[in-house]
Amino acid sequence: MTDDTDYIPPRVWTWDKASGGTFASINRPIAGPTHEKALPVGRHPLQLYSLGTPNGQKVTIMLEELLALGHAGAEYDAWLIRIGEGDQFGSGFVDINPNSKIPALMDRSGATPVRVFESGAILLYLAEKFDAFLPKEQPARAETLSWLFWQMGSAPFLGGGFGHFYAYAPTKLEYPINRYAMEVKRQLDVLDRRLAENEFVAGAEYTIADMAIWPWYGGLVKGWQYGAAEFLSVQDYRNVLRWADQVFARPAVRRGRKVNRTSGALSDQLHERHDASDFDTKTQDKLTDAR
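These figures come from a predicted structure and were not determined experimentally.

Draft legend 1. Molecular detail of the pairing of strand 1 (residues 46–50). Burial analysis of strand 1 places 5 of its 5 residues in the buried class, which makes it a mostly covered element. Taking every second residue as pointing to the same face, both faces of strand 1 are buried, with Leu46, Leu48 and Ser50 on one and Gln47 and Tyr49 on the other. When strand 1 meets strand 2 (residues 76–80), the two strands line up parallel, connected through 5 bridges. Counted as the bridge partner of Leu46 is Tyr76 from strand 2. For the handedness criterion, the β-α-β arrangement of strand 1, helix 1 (residues 54–68) and strand 2 is classed as right-handed. As judged from the 4 bridges shared by strand 1 and strand 3 (residues 104–107), these two strands associate in the antiparallel manner. The partner of Leu48 across the bridge, within strand 3, is Leu105.

Draft legend 2. Region of the structure containing the pairing of strand 4 (residues 114–117). For strand 3 and strand 4, the ladder comprises 4 bridges, and the chain directions are antiparallel. In the strand pairing of strand 4, Leu105 is matched with Val116. With antiparallel pairing between neighbouring strands as the criterion, strand 3 and strand 4 make up a hairpin whose turn holds 6 residues.

Draft legend 3. Structural context of helix 5 (residues 174–197). The terminal C-alpha atoms of helix 5 lie 35 Å apart, and with 24 residues this matches the ideal 34 Å at 1.5 Å per residue to within 8%. Those residues of helix 5 that fall on the buried side of the exposure criterion are Pro176, Ile177, Ala181, Glu183, Val184, Gln187, Leu188, Leu191, Asp192, Arg194 and Leu195. Among the structural elements, helix 4 (140–168), helix 6 (208–221) and helix 7 (238–248) are those in contact with the buried residues of helix 5.

Draft legend 4. The arrangement of the packing of aromatic side chains in detail. Applying the stated criterion across every chain, the model contains 14 aromatic pairs. Ring centres of Trp150 and Tyr217 lie 5.4 Å apart, and the angle between their planes is 40°; this geometry places the pair in the tilted category. Here the residue Trp150 occupies a position in helix 4, and Tyr217 occupies one in helix 6, the gap between them amounting to 67 residues. Both residues of the pair, Trp150 and Tyr217, count as buried. Geometry around Tyr206 places Arg250 over its ring, the cationic atom sitting 3.7 Å from the centre. Arg273 extends its terminal NZ or CZ atom over the ring of Tyr76, reaching a point 4.2 Å from the ring centre.

Draft legend 5. Local environment of unusual backbone geometry. In this structure, Pro103 follows Ile102 across a cis peptide bond, with omega equal to 0°. A cis amide bond, omega 5°, links Gln138 with the succeeding residue Pro139. Checked against the element boundaries, Pro139 lands in the loop between helix 3 (119–130) and helix 4. Residue Glu118 is not a glycine yet carries a positive backbone phi of 80°. A positive phi is found at Phe133, a non-glycine position, where the angle reads about 65°. Its place among the elements puts Phe133 in the loop between helix 3 and helix 4.

Draft legend 6. Quick peek at the packing of helix 1 against helix 6. Two elements in contact, helix 1 and helix 6, have axes whose closest approach is 8 Å; the angle formed by their N-to-C orientations is 140°. Viewed along their axes, helix 1 and helix 6 adopt a mutual orientation that is oblique. Remark: the crossing between helix 1 and helix 6 carries right-handed chirality. Mapping the contact onto sequence places Pro54, Asn55, Gln57, Lys58, Ile61, Met62 and Glu65 in helix 1 and Ile208, Met211, Ala212, Trp214, Pro215 and Trp216 in helix 6. Class assignment of the residues belonging to the contact of helix 1 with helix 6 gives a composition of 9 nonpolar, 2 polar and 2 charged.

Rules behind the numbers
- Residues numbered from 1 in each chain as written.
- Predicted model: local features only at pLDDT ≥ 70, side-chain atom pairs only at ≥ 80, totals over all residues.
- Heavy atoms only, no water.
- Buried < 20%, exposed > 50% of the residue type's maximum accessible area, 1.4 Å probe, protein only.
- Helix = DSSP H or I, 4+ residues; strand = E, 2+ residues; numbered from the N terminus.
- Pairing = 2+ DSSP bridges.
- Right-handed = clockwise from strand over helix to strand, strands pointing away.
- Expected span 1.5 Å × (residues − 1).
- Contact = heavy atoms within 4.5 Å.
- Phe/Tyr/Trp six-rings, centres within 6.5 Å; stacked < 30°, edge-to-face > 60°.
- Lys NZ or Arg CZ within 6 Å of the ring centre and 35° of its normal.
- Axes fitted to C-alpha atoms, helices over the stretch in contact; angles between N-to-C directions.
- Parallel < 35°, antiparallel > 145°, perpendicular 65-115°, else oblique.
- Left-handed = near helix turned anticlockwise from the far one by under 90°.
- Nonpolar A, V, L, I, M, F, W, Y, C, P; charged D, E, K, R; others polar.

Structural data, given as structure tokens:
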């Protein structure tokens, strides 16, 4: 790693383990497990292995929304995967997601367990399984899927691009911060223009597109991401702010945002979720008070 702004790439890249940055200890250029570790299995049909990052929140919000609709088959156990400690490289997790990223889901409701990885794929899988939050008819279905995949393609510029260089990189560099700030603001403008004419992202109905986009961009305009709200002038995106507040007012969203969360207020952290009553009895503030 060099702070030299005139850095010249070598002819052949080699892995510098001392490259620095917040996540340097878990970043590596190879896949596969680093250690043997079986995953726990609870009593519910759906087993989620995750962390309460924006990508993890998408799935827990979806599951809580399904339960709120009365889909008993959506009951789930949510197990905490501490990515900072390398849990995602355990053999059991890699068996479910060879890409070693959260979230990962095992559906054990049928004769043969089904693994699903990548947050967008999990949302789509659950929407089809329970026939909810995804329109059946065209063009509404295509619009929903288009915005779902817009998020999958856009958010890496927000997280791995802007978020990394603005908040996590060992050195603040003007060029990448400006490059990714420009792209994030363009994305916010895309959403703002869309939401100026539609109540929700895909149209008049709340869908998996909102569940995918809200944890990233709703969290950003509400000031939860990277401490960058002022830097990005998020107050300018009034339609995104309106939508962010509207989605956050949903009880299932508030519950889903707490699951597998390990940062923020203790009352908003439910490290593991195995029963609906856990929200009332096992958030970190209550566990701390009980000691």
